[in-house]
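The chain contents come next:
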Amino acid sequence: MIPYGRQDIDKADIDAVVDVLQSDFLTQGPAVPAFEAAIAAHCDVAHAVAVNSATSALHIAYLALGVAPGKIVWTVPNTFVATANAAHYCGADVGFVDIDPSTYLMDLNDLAKRLEAAEKSGRLPTVVSPVHFGGMSVDMRRLRELADQYGFAIVEDASHAIGAEYERRPVGCCLWSDIAVFSFHPVKIITTAEGGLATTRDAELAATMQELRTHGITRDPERMRGPSEGGWYYQQTKLGFNYRMTDMQAALGLSQMKRLDQFIARRRELANRYDQLLAGLPVGRPARLESSESSWHLYVIQVPERRRVFDALREAGIGVNVHYIPVHLQPFYRDLGFSPGDYPRAEAYYEQAISIPLYPGMSDADQDAVVAALGKALEATS
Ligand SMILES: *Cc1c(COP(=O)(O)O)cnc(C)c1O
């Protein structure tokens, strides 16, 4: 079976984790700040807050930006459920913006229209969370303009996009957003097994997220109410969680970061090769954007008769997948009042989408096998 995505773990990664196991700290030691510093340096951003998943990072990012009952978060239906669910964790309502059918990203024209209507009805979002789907950044400049006009904050769901660039700047630099969130799940670009991280240029947002990841506790006298009572003293000033990343995970992430450029280079090579190999087949291929260098987390093709093509590929040992089932069509979201037809372009995209294998350890021969199986599957359906 050729999987759709796979982690790449080498001897150095293993040694890094073993070193932590033999050290004094399995958690709350030096590896977490070292990993955070490596990501901050890569992203050219002041602050990085590592947590146990991107889902947790989204949750504390929304909380830090004031998302609460009565507030609203908007994202796209073409995402993993976590982007929307994290807003529900805060007691907020979720709305969606439809996607651009050529890029599979948030359609900023649709966003502009919905903002105009929401302003009239007094239902503007507190946060808009675009998803850099497949590793391709949305047009952050235009999104920033809309944020300034309507007064919402931006949390980039950059789960797919470490190593990607927008206008030659690393995704995660937060030049146009408040917070960006990465995932280090094994299928993503680099891995810590489970893990996530939030970047920001704002010291106050960073400090708040640092508190929220560990019970809402601070040890900084500056952030306490009243004076510290001594060296042992800490204060819980808000309700937080245990969302901490372990030092074993951070050491793995730090080791993986050394090969980030290599991972991205191979993903780009494979994506370019797919573009060429698929040119003769009746499939839609991912768009390229002038402003964005994708990290190529996913390579999504569009095919007629998706179900038959999907089944044929799985039968041929090709681990294809589908990203994503529109979030608003999940039963939990239907119970909240969403229905088929609400976001027609995300739904039409979903009907034809297949993610074909793409990961740095994939050989050219693996890729040729995927394309050959796809060619056969398409013949059988036409
Ligand atoms: C993977 C993913 C998440 C969740 O990441 P975890 O680290 O598994 O919590 C959120 N959003 C998107 C777009 C993702 O792909």
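The text that follows walks through the structure, step by step, so that each part is easy to find. Model, not experiment: these values are computed from the prediction.

Criteria and thresholds
Residues numbered from 1 in each chain as written. Predicted model: local features only at pLDDT ≥ 70, side-chain atom pairs only at ≥ 80, totals over all residues. Heavy atoms only, no water. Near = heavy atom within 4 Å. Polar contact = N/O pair within 3.5 Å; in protein donor to acceptor, adjacent residues only side chain to side chain. Areas by Shrake-Rupley, 256 points an atom, 1.4 Å probe, with all protein chains shown as cover. Helix = DSSP H or I, 4+ residues; strand = E, 2+ residues; numbered from the N terminus. Nonpolar A, V, L, I, M, F, W, Y, C, P; charged D, E, K, R; others polar. Contact = heavy atoms within 4.5 Å. Phe/Tyr/Trp six-rings, centres within 6.5 Å; stacked < 30°, edge-to-face > 60°. Buried < 20%, exposed > 50% of the residue type's maximum accessible area, 1.4 Å probe, protein only. Lys NZ or Arg CZ within 6 Å of the ring centre and 35° of its normal. Pairing = 2+ DSSP bridges. Axes fitted to C-alpha atoms, helices over the stretch in contact; angles between N-to-C directions.

**Focus on the site of the ligand**
At step 1: In the vicinity of the ligand there are 15 residues, among which Thr55, Asp157, His160, Ser183 and Lys188 approach most closely.
At step 2: The side chain of Thr55 places a nitrogen or oxygen atom 2.5 Å from an oxygen atom of the ligand.
At step 3: Lys188 places a polar side-chain atom, nitrogen or oxygen, 2.9 Å from an oxygen atom of the ligand.
At step 4: Protein contact buries 92% of the 380 Å² of open area that the ligand shows by itself.
At step 5: Among the secondary structure elements, those contributing two or more residues to the shell around the ligand are helix H3 (54-64) and helix H4 (82-89).
At step 6: The residue inventory of the shell around the ligand, partitioned by class, reads five nonpolar, eight polar and two charged.

**Looking at the environment of Ser129**
At step 1: Mapped onto the fold, Ser129 is located in the loop between strand S4 (127-128) and helix H6 (140-150).
At step 2: With 66 residues separating them in the primary sequence, Ser129 and Gly195 have C-alpha atoms 19 Å apart.
At step 3: When neighbours within four sequence positions are excluded, Ser129 is seen to be in contact with Leu58, Tyr62, Trp74, Thr75, Val76, Thr83, Met106, Val155 and Asp157.
At step 4: Side chain to side chain, Ser129 and Tyr62 meet in a polar contact 3.4 Å long.

**Quick notes on the packing of aromatic side chains**
At step 1: By the definition in use, this model includes 15 aromatic pairs.
At step 2: Measuring from ring centre to ring centre gives 5.6 Å for Phe96 and Tyr343, while their planes differ by 75°; the resulting arrangement is edge-to-face. Placement of Phe96 in strand S3 (residues 93-96) and of Tyr343 in the loop between helix H11 (331-335) and helix H12 (344-352) is noted, with a sequence separation of 247 residues between them. Side by side, Phe96 and Tyr343 carry an identical accessibility label, which is buried.
At step 3: Ring plane angle 45° and centroid distance 6.5 Å describe the contact between Phe338 and Tyr343, whose orientation is recorded as tilted.
At step 4: By relative accessible area, Tyr343 is classed as buried at 6%.
At step 5: The aromatic ring of Tyr350 is capped on one face by Arg306, whose charged end is 4.7 Å from the ring centroid.

**Here we look at the sheet that holds S4**
At step 1: Taking strand neighbours across the sheet as the criterion, the seven strands line up as S1-S9-S8-S5-S4-S2-S3 in an open arrangement whose pairing is mixed. With one partner strand each, in any of the chains shown, strand S1 (47-51) and S3 form the two edges of the open sheet.
At step 2: Strand contacts of H6: S4 and strand S5 (153-157), with the helix running at about 150° to S5, the strand carrying the most contacts.

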